[in-house]
Each structure stands twice: as C-alpha cells, then as structure tokens.
Amino acid sequence: MFTVKNEFTLTESRETLVVGIFEKTTSFEGLLGEVNTALGDTLASLVKEGDVSAKKGAISKIHTLGKLETKRIYFVGLGKENDYNFEVVRSAFGKLVKAAQKAKVESLDIALDSFITDKVESVDVAHALGEAAPLATYKFADYKQKSNEPAKELSAITVFTNGDQVEVEAALTVGFAYGTGTNSARTLVNTPGNMLTATDLANYAVELAGTYNLEYEVLEKAEMEKLGMGALLAVNKGSVEPPKMIVLKYQGKEEWTDVIGLIGKGITYDSGGYSIKPKDGLVGMKSDMGGAAAVLGAMEIIGQLKPEQNVVAVIPATDNMISGEAFKPDDVITSMSGKTIEILNTDAEGRLALADAVTYAKQHGANYLVDVATLTGGVIVALGNKITGAMTNNEELFEKLLEASNEVGEMIWRLPITDYVKERVRKSNVADMNNSPGRDGHAIFAGAFIGEFVENTPWVHLDIAGTATTSAEYDLGPAGATGVMSRTLAAFVERFGEEE
Ligand code: BES
Ligand code: ZN
Ligand code: ZN
C-alpha cells in the first residue's frame, strides 16, 4: 500500500497531493510556500474565505485548474500546533483516507514533512498514517446478494519525506500491522454466530499460527473432560457445537520465562442459557467473543513485529445455548482449579469459561495475566461505550497496561475489587463460590470472580462489553466491531520489560 520516496518536486505531474496545514499559519514555508506561490499567492485568501480549512480534521479539496502539475490538492487541517499530537494526526489521516475513498481516488501522494513538528516526528506521523489507512477504510464484507461492487479502492499511497527513508518505511509497516491486526479482530466480531462457531474460531487460530509460525494447541471436549475443565464444559452443555480451548504460543526469548498470558472470552453466541436474555438483549450477542478477537488481533500484530517477549494466548470457546442438557441455575460445577461454583445465573457464563482458561494459562507457564472479555452489561452502565473497565491485583502491571492503552488511544479506567466484593463472590451455602452475587455492581463481581482463579499472579482484567462495538461511524472505522484492545495488548507486549 505504501511507497516512500525522498525527492519531491512540485513540477512532477500527479493526480492528488496531500499537504498538512496548521491553524494560524501566517507565513507559508517549505512545501506549503511552494504550493502558495504556484497558486499565485492565493493560499492565505483561500484559508480566510474558508475554501481551505486548517481546523483539526478538516479535509479541503481544491482543483488546481492547471496552475500546477498536480491536478488536485487535499489540505489536511491539523488545528493549533500546540494541541497537535499523535492522535490528532491519526484521526486526520482517518478523515483523509475516508474522503479519498468516497471520491474514488485510488492513489495519494502525501507530503509527510508538512505533518511534522518538534513534538510529532516523522516516524510518529508515518506510524499514524500506516495505522489510520487500513482502520478508516475498513469495511466488513457483508452477505448481500447484490453487494456493493468492489468499488475502486485506495490502493497506493506514496509518502514523500526528507526524513530517514528506512525509518519512515519501518514506522509505516508497524502502523500498518497495528491497523490490519485490529481489522482482523473486527471481522471476527462482525461475523455472525452461525458462521463463527468454536470450531471456526479454532481453525482461524490454527491458520494464524501457521502464518506466523506460532506453536498451537486446540483442546477437544474429551481432553477438557480429562483435565477437569468443568466450568467451560458447563457453559457448553446446552450446545450442539463442541467447545474448544485454543492456545497459541509466541516465543520471542531464548527461554520460556516471563511469560505474558493473554486470555480472551470466546463465547461465539450468548443466548444467556436458561437465564435467557430478553429478546432485545439477544441481538448483538455474536460479539461475545470480542475478547478472543482482541487477543487474536494482538497475536497477529505480535506475529508480524516479533518482539523479544514470550506470550501464551488462551481462548475458551463455546456458545451459550439451551437444551435438555444445558446447565441450570442451582447446579453446582467443579472448575479445573478444583473450586466448586454454585450457578445462580447461566447468563454469567463468561467468567466460568475464563476461570478454566486462567487456570490453564498458568499451567502453560504464564507469569502475568491479562484477560479481555465482553463480560458485563454493568460496565456499560458504569463507563459507557468509549471506556474499557479495568480491574487488577497488581499496581505495576496495571500501570504498564494503562501506558499501552494511552499510547494507542484506547481509554481504560479502573474499578475496585475490595474484600467486600470478594466476600460476595465467595458466598454460597453449597459451593466455594457463586457466579452471580447480584445486580448491584455486577461488573466488579465478575472481575473479582476471575481474580479467584488468578490468585497471586499479577493480573489485569479488561471488560470490553461497552467498547467492543459501536453504533456510529467514527474517524478510524465504521459502525460495528471496533477491534478494541488488540492494539493495547500488542503495545503492552512490545513494551513489556522496558524501563520507564
Ligand atoms: N455477554 C454478556 C455481557 C454483555 C452485555 C456484553 C451487553 C455485551 C453487551 C454477559 O455474558 C452477561 O450476560 N452478563 C450479565 C451478567 C449478569 C447475569 C450478572 C449481564 O451483564 O447482565
Ligand atoms: Zn451472558
Ligand atoms: Zn456473555
């Protein structure tokens, strides 16, 4: 998609040139100056009269009417230079590629240096572009008979820079890996439950392992029974689809030490089981494997960028259905850890699947754990649709995750697990714990429940029930799955062990 070139001349003939412009630019310098001169010193008045806007994220297209060898110019508004940062330029590029795609522009020549400031260097701008281009142009291939013609795609972006060509190329590649990994997660989440069963998810993971040379293991039902994975198996009981426990291993260090465990809830459809969801609550529950998708998206990014880290990904996969064999409220089940669980609500199934996955990740040598799950409606009530809920038993690990999330622009906010919360989870007359202590604060009960299986291993829990999907289009993507946390997890793994 990208080519990087050093020499740039305005006299070269080209279809579309892209230039960044800051607000309150009084004198046009460099390339902007050259463009201004070629346009007969009209840029200032174009800005003044609003034909070209320098406001943050504004995209203005002008035709040069033969005054330049360049046919048209896209000016990308970057706002005030003081407020300018990585996220501003990434969003602006998102808007740019969307506008270009709408206008059926197939190639763009981007003057990268017009986007650079003291704070935001060429590699940052390149990373932002590499990431924004695939994210903002993402479209889920739907199942309409009369699908939109594969319209002309924006397929070639040439980047001109006086900066270090190799560094810029590398940053574009890294950004592109972050963008495309996230898009893969989006596609998994957007795929309907009848087309993405636990078996399909396992096949996808195995294929991914093949592409990036990862070790893998897929446990079948009989093996789970042998290992005593009673919690995941209980969730699967009502289904005709066999469950899978999916494991991917990426080894970037000589020794299998300091292993980061990434665990993703892989409920391919959540009906609620006998504690069935109301009819409106069922719609959208194909997305209940959003945690698994985030982990697989991150593994794709990791597979491409090959950081010097060790990662084990564990995905408990099944749907949560109803039949004469399904598990029921009042049942008592035994998890792989040996802990017994009184089922009070079959719709609180994610924590059950994750309980066994956490135990299994530890068996695979995970020294740190991060689980990602579309776990509770409660987190949506608490934090809405743009902020992921986080819980932890380890400040230091949480700080690392927070930093990664800030770096990629996926907001997380912490919720508490207190002794009182743990008591509520452990309260049962017949078992070691219960899976649904009540509706008051159920996001933290769910997190605390998983914590019981984590025990003393440093751990962060991420509840993405609100953030995994969005109802409205945004700068970096369409409505539907967001692929949230793929990039946070990948950045977290990439930076792990780095000193501050
Ligand atoms: N998969 C749901 C959580 C969810 C809700 C995800 C909305 C995305 C959007 C989860 O398994 C669930 O049903 N949780 C229950 C927990 C309750 C029974 C304690 C919930 O949120 O109501
Ligand atoms: Zn549920
Ligand atoms: Zn669920």
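What counts, and where the lines are drawn
Residues numbered from 1 in each chain as written. Chains lettered and ligands numbered in written order. Predicted model: local features only at pLDDT ≥ 70, side-chain atom pairs only at ≥ 80, totals over all residues. Heavy atoms only, no water. UniProt positions renumbered as here; feature names shortened; annotations may be inferred. Helix = DSSP H or I, 4+ residues; strand = E, 2+ residues; numbered from the N terminus. Buried < 20%, exposed > 50% of the residue type's maximum accessible area, 1.4 Å probe, protein only. Contact = heavy atoms within 4.5 Å. Core = buried A, V, L, I, M, F, W, Y, C linked by side-chain atoms within 4.5 Å. Pairing = 2+ DSSP bridges. Donors = N, O, S within 2.8 Å, 3.2 Å for Na, K, Ca; no water. Tetrahedral: all angles 85-135°; square planar, octahedral: opposite > 155°, others 65-115°. Near = heavy atom within 4 Å. Polar contact = N/O pair within 3.5 Å; in protein donor to acceptor, adjacent residues only side chain to side chain. Areas by Shrake-Rupley, 256 points an atom, 1.4 Å probe, with all protein chains shown as cover. Domains from an automatic or database assignment. Buried area = accessible area lost by both parts, 1.4 Å probe. Salt bridge = Lys/Arg side-chain N within 4 Å of Asp/Glu carboxyl O. Expected span 1.5 Å × (residues − 1).

Going by what an unreviewed UniProt entry lists, the protein is known as Probable cytosol aminopeptidase and is assigned to Bacillus mesophilus. Regarding the protein, the relevant UniProt record gives this comment under Subcellular location (unreviewed entry): "Cytoplasm". The Function (unreviewed entry) comment attached to the protein in UniProt states, word for word, "Presumably involved in the processing and regular turnover of intracellular proteins. Catalyzes the removal of unsubstituted N-terminal amino acids from various peptides."

K.L.:
Looking at this structure, how should I read the UniProt feature "active site" (unreviewed entry) in the protein?
P.N.:
According to UniProt, the positions carrying the feature "active site" (unreviewed entry) are Lys277 and Arg351. Following the sequence through the fold, Lys277 ends up in the loop between β10 (266–270) and α9 (279–282). For Lys277, a relative accessible area of 16% translates into the label buried. The residues contacting Lys277, other than those within four sequence positions of it, are Asp270, Ser271, Gly272, Leu282, Met285 and Asp347. Structurally, Arg351 is set in helix α11 (residues 350–363). Exposure remark for Arg351: the relative accessible area of 5% places this residue in the buried category. Each residue touching Arg351, except ones within four places of it in the same chain, is listed here: Leu375, Thr376, Asn435, Ser436, Pro437, His442, Phe445, Ala446, Phe449 and Ile450.

K.L.:
Just checking my understanding: could you explain the nonpolar core for this structure?
P.N.:
Across soluble globular proteins, nonpolar side chains have a tendency to be buried as a group. Of all hydrophobic cores here, the largest spans 55 residues; its most connected members are Leu201, Leu248, Leu262, Met299, Leu462 and Phe492. When residues of this core are assigned to their parent elements, the largest contribution, nine residues, is made by helix α10 (residues 290–305). Setting aside its immediate chain neighbours within four residues, Leu248 contacts Ala205, Leu208, Ala209, Leu214, Glu215, Tyr216, Leu296, Met299, Val311, Val312 and Ala313.

K.L.:
For this particular structure, what's the right way to read the pairing of strand β8 (residues 244–251)?
P.N.:
Each regular strand displays side chains that alternate between the two surfaces of the sheet. Taken across its eight residues, β8 has seven buried, putting it largely inside the fold. Strand direction decides the pairing type here: strand β7 (residues 215–219) and β8, joined by five bridges, are antiparallel. The residue of β8 that forms the bridge with Glu215 is Lys249. Two strands pair when backbone bridges link them, and β8 and strand β11 (residues 310–320) are joined in this way by eight bridges, in the antiparallel orientation. Directly across from Tyr250, in β11, lies its bridge partner Val311.

K.L.:
Quick question: what am I supposed to make of the coordination of the zinc ion (ligand 2) here?
P.N.:
Ideal coordination angles are 109.5 degrees for a metal with four donors arranged tetrahedrally and 90 or 180 degrees for a metal with six donors arranged octahedrally. Protein coordination at the zinc ion (ligand 2): the donors are Asp270 (OD), Asp347 (O), Asp347 (OD) and Glu349 (OE), at 2.0 to 2.2 Å from the metal. Considering all six donor atoms around the zinc ion (ligand 2), the spread of angles at the metal, 71 to 169°, places the coordination shape in the irregular class. Spacing between the donor residues of the zinc ion (ligand 2) along the chain follows D-x76-D-x1-E. Between the zinc ion (ligand 2) and the zinc ion (ligand 3), the interatomic distance is 3.2 Å, and Asp270 donates to each metal, bridging them. What makes Asp347 partly exposed here is its relative accessible area of 21%.

K.L.:
How should I be thinking about the coordination of the zinc ion (ligand 3) in this particular structure?
P.N.:
Protein coordination at the zinc ion (ligand 3): the donors are Lys265 (NZ), Asp270 (OD), Asp288 (OD) and Glu349 (OE), at 2.0 to 2.4 Å from the metal. Classification of the site at the zinc ion (ligand 3) rests on its six donor atoms, whose angles at the metal span 77 to 173°, yielding the label octahedral. Within one chain, the residues serving as donors to the zinc ion (ligand 3) are arranged as K-x4-D-x17-D-x60-E. Residue Glu349 is classed as buried on the basis of its relative accessible area of 0%.

K.L.:
When you look at the site of ligand 1 in this model, what are you seeing that I'm missing?
P.N.:
Taken together, 18 residues form the shell around ligand 1, and within it Lys277, Asp288, Asp347, Glu349 and Gly377 come nearest. Between ligand 1 and the protein, one listed contact pairs an oxygen atom with a side-chain N or O atom of Asp270 at 2.9 Å. Contacts to ligand 1 include Gly377, whose backbone N or O atom sits 2.6 Å from an oxygen atom. Expressed as a share of its isolated accessible area of 520 Å², the protein-covered part of ligand 1 is 88%.

K.L.:
What exactly am I supposed to notice about the domain arrangement of the protein here?
P.N.:
You'll often see interface size given as the accessible area lost when the parts meet. Along its sequence, the protein is organised into domain 1 (2–144 + 155–161) and domain 2 (178–495). At the junction of the two partners, domain 1 supplies 16 residues and domain 2 supplies 22 residues. Three residues, Lys98, Leu135 and Tyr138, lead the burial of domain 1 against domain 2; their summed loss comes to 40% of the area buried on that side. The interface formed by domain 1 and domain 2 contains three salt bridges. Glu473 is the salt-bridge partner of Lys98, the closest N and O atoms lying 2.8 Å from each other. Counting across the interface, domain 1 meets domain 2 through nine residue pairs in polar contact (both at pLDDT 80 or more). Listing elements by their share of the side of domain 1 that touches domain 2, those giving two or more residues are α3 (86–102) and α4 (122–136). Sorting elements by how many residues they give to the side of domain 1 that touches domain 2 places α3 first, with seven residues.

K.L.:
Would you explain the UniProt feature "domain: Cytosol aminopeptidase" (unreviewed entry) in the protein in this entry?
P.N.:
Per the UniProt annotation, the sites labelled "domain: Cytosol aminopeptidase" (unreviewed entry) are residues 345–352. Span residues 345–352 is 38% helix and 0% strand, its end C-alpha atoms 11 Å apart.

K.L.:
Sorry, what's going on with helix α15 (residues 442–454) here?
P.N.:
What sets the pattern is the α-helix's 3.6 residues per turn: residues three or four places apart point alike. Between its terminal C-alpha atoms α15 stretches 19 Å, which fits the 18 Å expected from 13 residues at 1.5 Å a residue. In terms of burial, α15 is a largely internal element, 13 of the 13 residues being buried. Positioned one or two residues after α15, Glu455 has a phi angle of 60°, which is positive.

K.L.:
Teacher, can you tell me more about the side chain of Thr488 here?
P.N.:
You can see Thr488 is positioned in helix α16 (residues 486–495). Only 2.6 Å separates the side chain of Thr488 from the side chain of Glu410, close enough to count as a polar contact. Each residue touching Thr488, except ones within four places of it in the same chain, is listed here: Leu401, Ala404, Ser405, Val408 and Glu410.

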